[in-house]
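Summary of the model geometry
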Amino acid sequence: MSEPDAETGLLVRARGGDPHAFDALVSATAPAVWTVVRRLTADDATAEDVLQETFMAAWRGIDGYRGEGSARSWLYGLARRHAARTWRRRVGEPRHTESLDVLGSTADDPGWPAGFGGDPEVIASRAEDRATLLRAVATLSESDQEVIVRCDLEGRTPAEVAEELGTNAGALRVRLHRARLRLMDALLPGGVP
């Protein structure tokens, strides 16, 4: 697997017109992007569609990459948007469930707001519903989505994500904690449409 800086270099070269660089970028990042889209979609077939749409959008919109952040961050943003579009198209389909255990323990963390107004068991049961979770994640800012997906859904450590984003692990932990609180708030009854 290539290093994130090498991936960003490939993206810059592809933006400059090198089609081989784009092929190399796809090869280097497809497994990581697959992990993100699979966790945001209901099944493998949908994830494959979203993965393909993500890389097609990247190729068509490569001039939209402004050099702010890594190639992976840019691709993850595209993947999240395509997964959300797919979810909106499939709202009427049967729901699938998947546990997100890490969010159930957030209520025990120091800093959980007093009088939050939600029973942790109710919040955890709503988190079990994948469709509800995806809607709740979609209500978050792109910055909050980024840390929730990378740390909680992909299972990466805050230190790994912090290094990739060019920040320190302590700041990322604070950002993750706040994103989790906002996600839990969105998961309260009445919080997600």
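Residues numbered from 1 in each chain as written. Predicted model: local features only at pLDDT ≥ 70, side-chain atom pairs only at ≥ 80, totals over all residues. Heavy atoms only, no water.

**Examining the packing of helix H2 (residues 19-40) against helix H3 (residues 44-60)**
Where H2 meets H3, the axes come as close as 10 Å, and the angle between the chain directions of the two elements is 145 degrees. Classified by chirality, the crossing of H3 by H2 is right-handed. Here H2 contributes Pro19, Phe22, Val26, Thr29, Ala30, Val33, Trp34, Val37 and Arg38 to the contact with H3, which in turn contributes Asp44, Ala47, Glu48, Val50, Leu51, Thr54, Phe55, Ala58 and Trp59. Looking at side-chain class alone, the contact of H2 with H3 contains 13 nonpolar, two polar and three charged residues. (Axes fitted to C-alpha atoms, helices over the stretch in contact; angles between N-to-C directions. Helix = DSSP H or I, 4+ residues; strand = E, 2+ residues; numbered from the N terminus. Left-handed = near helix turned anticlockwise from the far one by under 90°. Contact = heavy atoms within 4.5 Å. Nonpolar A, V, L, I, M, F, W, Y, C, P; charged D, E, K, R; others polar.)

**Regarding the pattern of salt bridges**
All chains considered together, the criterion is met by eight salt bridges. Here Arg81 makes a salt bridge to Glu142, at a shortest N to O gap of 3.3 Å. With Arg81 in helix H4 (residues 71-89) and Glu142 in helix H8 (residues 142-153), this residue pair connects regions lying 61 residues apart in the sequence. Asp144 serves as the salt-bridge partner of Arg182, at 2.5 Å between the closest nitrogen and oxygen. Here Asp144 lies in helix H8 and Arg182 lies in helix H10 (residues 169-187), a separation of 38 residues in the sequence. Salt bridges here are not isolated pairs; linked through shared partners, they connect Arg80, Arg81 and Glu142. (Salt bridge = Lys/Arg side-chain N within 4 Å of Asp/Glu carboxyl O.)

**Quick look at the confidence of the model for the protein chain**
Of the residues in the protein chain, 73% have a pLDDT of 70 or more, and the chain-wide mean is 75. No element of the protein chain has a lower mean pLDDT than helix H5 (residues 101-104), which averages 46, and none a higher one than H2, which averages 89. Segment residues 91-117: pLDDT under 50, and 44 contacts once partners within four positions in sequence are set aside and those in other chains are kept. (pLDDT = per-residue confidence, 0-100.)

**Notes on the packing of aromatic side chains**
Evaluation of the coordinates by the stated rule reveals two aromatic pairs. Summarising the aromatic geometry, the rings of Tyr65 and Trp74 are spaced 5.7 Å apart at their centres and angled 65 degrees between planes, so their arrangement reads as edge-to-face. Trp74 gets classed as buried once you look at its relative accessible area, which sits at 15%. (Phe/Tyr/Trp six-rings, centres within 6.5 Å; stacked < 30°, edge-to-face > 60°. Buried < 20%, exposed > 50% of the residue type's maximum accessible area, 1.4 Å probe, protein only.)

**Notes on the layout of surface pockets**
In this structure, the largest pocket occupies an estimated 320 Å³ of space. Around the largest pocket, the lining comprises 14 residues; the ones closest to its centre are Arg66, Glu68, Ser73, Trp74 and Glu142. Going through the elements one at a time, H4 and H8 are the ones with two or more residues in the lining of the largest pocket. Considering each element in turn, the lining of the largest pocket owes the most residues, six residues, to H4. Looking at the lining of the largest pocket residue by residue, the classes come out as three nonpolar, five polar and six charged. (1 Å grid on protein atoms, 1.4 Å probe; cavity = no way out; pocket = protein on both sides within 12 Å on 5 of 7 lines; lining within 4 Å. Points joined across faces, edges and corners; volume = space filled by probe spheres on them.)

**A few points about H10**
Taking 1.5 Å per residue, 19 residues should reach 27 Å; H10 reaches 26 Å between its end C-alpha atoms and fits that length. Every buried residue belonging to H10 is among Leu172, Leu176, Ala179, Arg180, Leu181, Leu183, Met184, Ala186 and Leu187, and all of these are buried. N-capping of H10 is provided by Asn168, with a side-chain oxygen placed 3.1 Å from the backbone N of Gly170. (Expected span 1.5 Å × (residues − 1). Polar contact = N/O pair within 3.5 Å; in protein donor to acceptor, adjacent residues only side chain to side chain.)

**Digging into the environment of Val147**
Its place among the elements puts Val147 in helix H8. Accessibility expressed as a relative area gives 0% for Val147, which makes it buried. It is 10.0 Å that separates the C-alpha atoms of Val147 and Leu165, two residues lying 18 residues apart in sequence. Each residue touching Val147, except ones within four places of it in the same chain, is listed here: Asp152, Leu172, Arg175, Leu176 and Ala179.

**Observations regarding the packing of H8 against helix H9 (residues 158-165)**
One way to put it is that H8 packs onto H9 with a least axis distance of 9 Å and a crossing angle of 135 degrees. When the axes of H8 and H9 are compared, the pair comes out oblique. For the crossing formed where H8 meets H9, the hand is right-handed. On the side of H8, the interface is formed by Glu146, Arg150 and Cys151, while H9 contributes Pro158, Val161, Glu164 and Leu165. (Parallel < 35°, antiparallel > 145°, perpendicular 65-115°, else oblique.)

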